[in-house]
Amino acid sequence: MSTPDLTSTSSTVPTRRSRPLIRPRRKFNLPLTILLVVCTLTVLVPFFVTVSMAFKTGSQAVQGQAFTLPSPVSIEGFVEAWRLTDFPVSFAISVFVSAIAVAGAVLISTMAAYSIYANWERRFFRFAFFYILAAMFLPFPVLALSQIKLSGMVGLDTPLGVGILHIMFHLGFNVLLLTTFLRNMPPALEEAARIDGASTWQTFWRIIFPVLAPMSATVGIFAFLFSWNDFMMPSMIISDPSLQTLPVVNQLFQSQFSSNYHVSFASYLMALAPSILVFVFTQRWVLSGVTQGAVK
Amino acid sequence: MSLTTSDATKSAAPARPAPTRKRGPDRTHWLFLLPTLIVFTLCIALPAVMGIFFSFTNSVGYGDWDFVGLANYQLMFTDPAIMWSFGFTLGFSAVTVVVTNVIAFLLAVGLTSQIRGRVVLRTIFVIPMVVSPIIIAFVFQFLFARSLPAAAQAVGFGPLESSILADSDLAWISIVIVTAWQAIPGTMLIYIAGLVAIPHDVYEASSIDGAGPWKQLLTITVPLMTGYIVINVILTFKNFLNAYDIIVGLTDGGPGTSTRTVAMTIFSGFTDGDYAYQMATATIFFLITLAIALVQLRLMRRKEK
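In the nomenclature of an unreviewed UniProt entry, chain B corresponds to Raffinose/stachyose/melibiose transport system permease protein from the organism Nesterenkonia xinjiangensis. According to its UniProt record, chain B has this under Sequence similarities (unreviewed entry): "Belongs to the binding-protein-dependent transport system permease family." In the Subcellular location (unreviewed entry) part of its UniProt record, chain B is described as follows: "Cell membrane".

Naming follows an unreviewed UniProt entry, where chain A appears as Raffinose/stachyose/melibiose transport system permease protein of Nesterenkonia xinjiangensis. The Sequence similarities (unreviewed entry) field of the UniProt record for chain A holds the comment "Belongs to the binding-protein-dependent transport system permease family." The UniProt entry for chain A carries the following text under Subcellular location (unreviewed entry): "Cell membrane".

What follows is the structure, encoded as structure tokens:
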């Protein structure tokens, strides 16, 4: 789980393997360890503040002191945040949008990547590849205004529309990752299926889709993190405020309830927790995803 | 990416009739790609073309419109609000690129050294990457607006006793801090990938020659990491140009319009009724991003040779 998964993605395994031989257990660097532990405070303090504020009572939170512990511990902030943000609804909408983004990213990107990979000698598929890739260079603000117009015209100014846009916006990056992965696949796998008389449809589901599983996991997790955390697209595209995702509904604490800190932080915590949990359980794919994506 | 270009030339030249696979027109492959391609065109390409098209009109986003040629562009280049947002976006991005890359590089060096608890430490440092930027900006907004002034008052440190978010000269600092906070993990992971790929014998040899850790860092690590530094600088720069969520959460472009980025200026086009005008801004913004992307492609191709 530690460094090996990073090294396995970079191609310089030989030198790395020999490292423990050259340098058998040397003593570790204590001052550096302490320095890095101190540095983690910059990450941990904002989360500590979020948790401690969330569990304060209204009267304690009003003082706005970030670094005091909650005493007594209270969940009234959560109760109030649950009610104000209509949490079950906005949570369900966030889940809905992310589920579409994840399922779509995995299915559509693998299908597109496979057909591009298998037909690379056909000009149209090659063109399609670079066409899809080009979208990586289009900043969202450039598209946004026209997208709002178009999605409104066809009635997709809804969570469903945001899910579809999330899929399409990351198609280029995902197809790039997946086609690179397929090119490194031994062609014998696919040819064996062909000789056995499998159709393209069967080859995809029996051979290609399972082979792509590790990369699909990376694609899916990034699709989840991006979609769950996104503020810009839902806030622009979804026209009905009662159908907004969690990051957008949290905006309401910025204006109306500015001194009810315990309520706002309880709500922030409920919005942050799922992505942190997903990260903790899937960090292997997150870490390798970043390196694979960047080095290409 | 350039890898695929070379593949294209390779496979296009000798093996046209695809000798290994014999296959008629395969409908499944078209089924796999065409629907996606159509939706993609409607969601991405069409809005982009529409935007550029309307930048030459006087549309307000609905109703009638006429062509006005380059009038929007002329107006834009003399509009102090838009020029400020371009300047602010570029300036803030440049500063944040430096802050992010220096800290990420040092953390990566630290995390690949002989330390205890490497896995736990690395996991903690990556967390900012996976949380929602707007929510984290709300948390920091509280820290900057309430906690920092309170702490400054307690120790009697004058300059920070009022919120930096309310100071139009200082508010950008908070944006740099939070943007860097969130961007450092991804950048750091790429540096870690580069650092673990450096063969260790190089360090062995130099320490036999008597080089200390700092000398090694400057004369070995940094030069060997140049390729990764270039990639990271371009990636982060491209991302920061699009900064939106964090700024909305921290300052919402304020105080006044002192921290308004290009993205926020463009979005104002829909509520302020100057749709066509802001599409001109968007077009110029796209050209800047494209220029950076082309530089990136060129540098990466050179690296491959």
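There's more to say after this.
1. Description of the overall build of chain A
Helix and strand content of chain A: 17 helices and zero strands. Counting only contacts in chain A whose residues sit at least 6 apart along the sequence, the fraction spanning at least 24 positions is 72%. Put simply, chain A shows about 12700 Å² of open surface, and 70% of that area lies on carbon and sulfur atoms.

2. Examining the confidence of the model for chain B
Residue and element names in this part refer to chain B. Mean pLDDT over chain B stands at 86; residues scoring 70 or higher make up 91%. Low confidence marks residues 1-22, where pLDDT is under 50. Its contacts with residues over four positions away, or in another chain, come to 27 contacts. Here the prediction assigns the complex a pTM of 0.87, and the interface score ipTM is 0.86.

3. Here we look at the packing of helix H5 (residues 118-130) of chain B against helix H7 (residues 171-195) of chain B
Residues and elements named next belong to chain B. Direction vectors running N to C along H5 and H7 enclose 130°, while the axes themselves pass 6 Å from each other. In terms of orientation, H5 and H7 fall into the oblique class. Crossing of H5 against H7: the hand is left-handed. Listed contacts from H7 to Arg122, Phe125, Val126, Pro128 and Met129 of H5 are Trp181, Gln182, Pro185, Gly186, Met188, Leu189 and Ile192. Considered class by class, the residues forming the contact of H5 with H7 number nine nonpolar, two polar and one charged.

4. Some words on the domain arrangement of chain A
Residues and elements named next belong to chain A. One can read the domain layout of chain A as domain 1 (33-73) and domain 2 (86-293). On a C-alpha basis, the centres of domain 1 and domain 2 stand 33 Å from each other. Roughly 790 Å² is buried in total at the junction of domain 1 and domain 2, and carbon and sulfur atoms are behind 84% of that figure. If you sort the residues of domain 1 by the area they bury against domain 2, Thr50, Met53 and Ala54 come out on top, with a joint share of 47%. The interface formed by domain 1 and domain 2 contains zero salt bridges. Taken together, the connections running from domain 1 to domain 2 amount to zero residue pairs in polar contact (both at pLDDT 80 or more). Counting residues per element, the ones that place at least two in the side of domain 1 that touches domain 2 are helix H4 (30-54) and helix H5 (58-62). If you tally residues by element for the side of domain 1 that touches domain 2, the top one is H4, at six residues. Residues of the side of domain 1 that touches domain 2, tallied by class, amount to eight nonpolar, four polar and one charged.

5. Description of the UniProt feature "transmembrane region" (unreviewed entry) in chain B
Per the UniProt record, the feature "transmembrane region" (unreviewed entry) sits at residues 30-56, 82-107, 119-144, 170-196, 217-235 and 275-295 of chain B. Across residues 119-144 of chain B one finds 92% helix and 0% strand; the C-alpha atoms that close the span lie 31 Å apart.

6. Regarding the pattern of salt bridges
All names here are of chain A. If you walk through the whole model with that rule in mind, you get one salt bridge over all chains. Residue Glu80 is joined to Arg83 by a salt bridge in which the shortest nitrogen-to-oxygen separation is 2.7 Å. Residue Glu80 and its partner Arg83 are both found in helix H6 (residues 76-84); the two are separated by three residues, about one turn of the helix. For Glu80, a relative accessible area of 28% gives the class partly exposed.

Parameters and conventions
Residues numbered from 1 in each chain as written. Chains lettered and ligands numbered in written order. Predicted model: local features only at pLDDT ≥ 70, side-chain atom pairs only at ≥ 80, totals over all residues. Heavy atoms only, no water. UniProt positions renumbered as here; feature names shortened; annotations may be inferred. Helix = DSSP H or I, 4+ residues; strand = E, 2+ residues; numbered from the N terminus. Contact = heavy atoms within 4.5 Å. Areas by Shrake-Rupley, 256 points an atom, 1.4 Å probe, with all protein chains shown as cover. pLDDT = per-residue confidence, 0-100. Axes fitted to C-alpha atoms, helices over the stretch in contact; angles between N-to-C directions. Parallel < 35°, antiparallel > 145°, perpendicular 65-115°, else oblique. Left-handed = near helix turned anticlockwise from the far one by under 90°. Nonpolar A, V, L, I, M, F, W, Y, C, P; charged D, E, K, R; others polar. Domains from an automatic or database assignment. Buried area = accessible area lost by both parts, 1.4 Å probe. Salt bridge = Lys/Arg side-chain N within 4 Å of Asp/Glu carboxyl O. Polar contact = N/O pair within 3.5 Å; in protein donor to acceptor, adjacent residues only side chain to side chain. Buried < 20%, exposed > 50% of the residue type's maximum accessible area, 1.4 Å probe, protein only.

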